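Examination of the molecular architecture
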Amino acid sequence: MKKWVPAVLLACLLLLPSCASQTEPGSPEGGVLIYYLAPEEAARGGDRIQGSYESLSLPEGASLEETAAAAVNRLLAGPSRGHLGSPLPRGVELLSLQVRDRTAFVDLSGGFNQLYGVDLALADYCLTLTLTGLEGIGAVSVTSQGRAMGQQPRQVFYERDVLLSSMDDVLQTVDVVLYFLDGQGNLAGERCTLSLYEGQTLAESLVAALLKGPQDRELTRAIPEGFAVNYVRVDSGICYVSLPAASLALLPGDEEAQRMALWSLADSLYSIGAVEELRLLADGEELEFFGLIPVESVAVRPKG
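Throughout what follows, the structure given in this document is the object of discussion. (Residues numbered from 1 in each chain as written. Predicted model: local features only at pLDDT ≥ 70, side-chain atom pairs only at ≥ 80, totals over all residues. Heavy atoms only, no water.)

**Examining the pairing of strand 7 (residues 139-144)**
Two faces, one strand: in a regular strand the side chains alternate between the faces of the sheet. The element strand 7 is extensively covered by neighbouring structure, given that 6 of its 6 residues are classed as buried. What you see with strand 7 is no split at all: Ala139, Ser141 and Thr143 on one side and Val140, Val142 and Ser144 on the other are buried throughout. Between strand 6 (residues 103-108) and its parallel partner strand 7, the chain crosses via helix 3 (residues 118-132), and the hand of that crossover is right-handed. Linking two consecutive strands that pair antiparallel, namely strand 7 and strand 8 (residues 147-148), is a turn of 2 residues; a positive phi of about 55° is found at Gln145 within it. (Buried < 20%, exposed > 50% of the residue type's maximum accessible area, 1.4 Å probe, protein only. Helix = DSSP H or I, 4+ residues; strand = E, 2+ residues; numbered from the N terminus. Right-handed = clockwise from strand over helix to strand, strands pointing away. Pairing = 2+ DSSP bridges.)

This is the structure:
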């Protein structure tokens, strides 16, 4: 039996069958349908994105922008009851929301830019479903502190983006090598076959797999738990990796551990034949140091 997912999520290897479902812990009367996430163990291979009718406690005659802002804040806070949860990190706040030409422009605080891959796609999808459910909104644009998220597959999401595409439509499979730590603390390569779908790039998929961790139980991550990446882009042989400041703060204080983490990322990306150079960025500026380690030490593909 085929599994299906919304096309907007294909770029993130999301394995979600069918459309989002609706649960109704509250009454539709006087409530707005807010889309949350069900825990993976509760979804059991079904829909993780589920709708819950929530009261927004708005004054009579509230404007569309006020209603939309209240809906986003309700999404951030989580549902009033049940097992569902917000797809956005705790502490993220709505900075502004404007509606122009049927498009809701949503700007969120800095914690939103820590999302990556599947988690980012899920958050975008929940926001889009929630806001396009309001009469007068047909599209959603999401930014973090006024900046577009480079990892998003697109910058504006429409209600019609909830189209169904088959996860059986693999564009290609690519063999790469991901580098983790062995029992002696040295880097060891683990061969991995990545399946690429429409909208994905190999570099993005590789980094997502590296952050997920090794399949071999005898190997461990060199990169700290919780480490995230804003986006990965390859242009003319140069691979640009944008890191949030929060990820850099997670680096261990030990210089050797920092070096192993940097080499794990670099060696894994250099397993892609098209990558000849590596550049790390944070807040739009190129990094000279990864913790205490000069980025220059991994800036060019090793010879031999």
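**Thoughts on the sheet that holds strand 14 (residues 238-242)**
Each strand in a sheet pairs with its neighbour through backbone hydrogen bonds, running either in the same direction (parallel) or in the opposite one (antiparallel). Strand order in the open sheet made by the 4 strands is 13-14-15-16, with mixed pairing throughout. Strands with a single pairing partner mark the edges of an open sheet, and in this sheet they are strand 13 (231-235) and strand 16 (285-286). Examined bridge by bridge, strand 13 and strand 14 share 5 bridges and lie antiparallel to one another. Note that in strand 14 the partner of Tyr231 across the bridge is Ser242. Sheet contacts for helix 6 (residues 255-269): strand 14 and strand 15 (277-282); angle to strand 15, the most-contacted strand, approximately 130°. (Contact = heavy atoms within 4.5 Å. Axes fitted to C-alpha atoms, helices over the stretch in contact; angles between N-to-C directions.)

**A look at the environment of Arg48**
Among the secondary structure elements, Arg48 is positioned in the loop between helix 1 (40-43) and strand 4 (49-54). Accessibility expressed as a relative area gives 18% for Arg48, which makes it buried.

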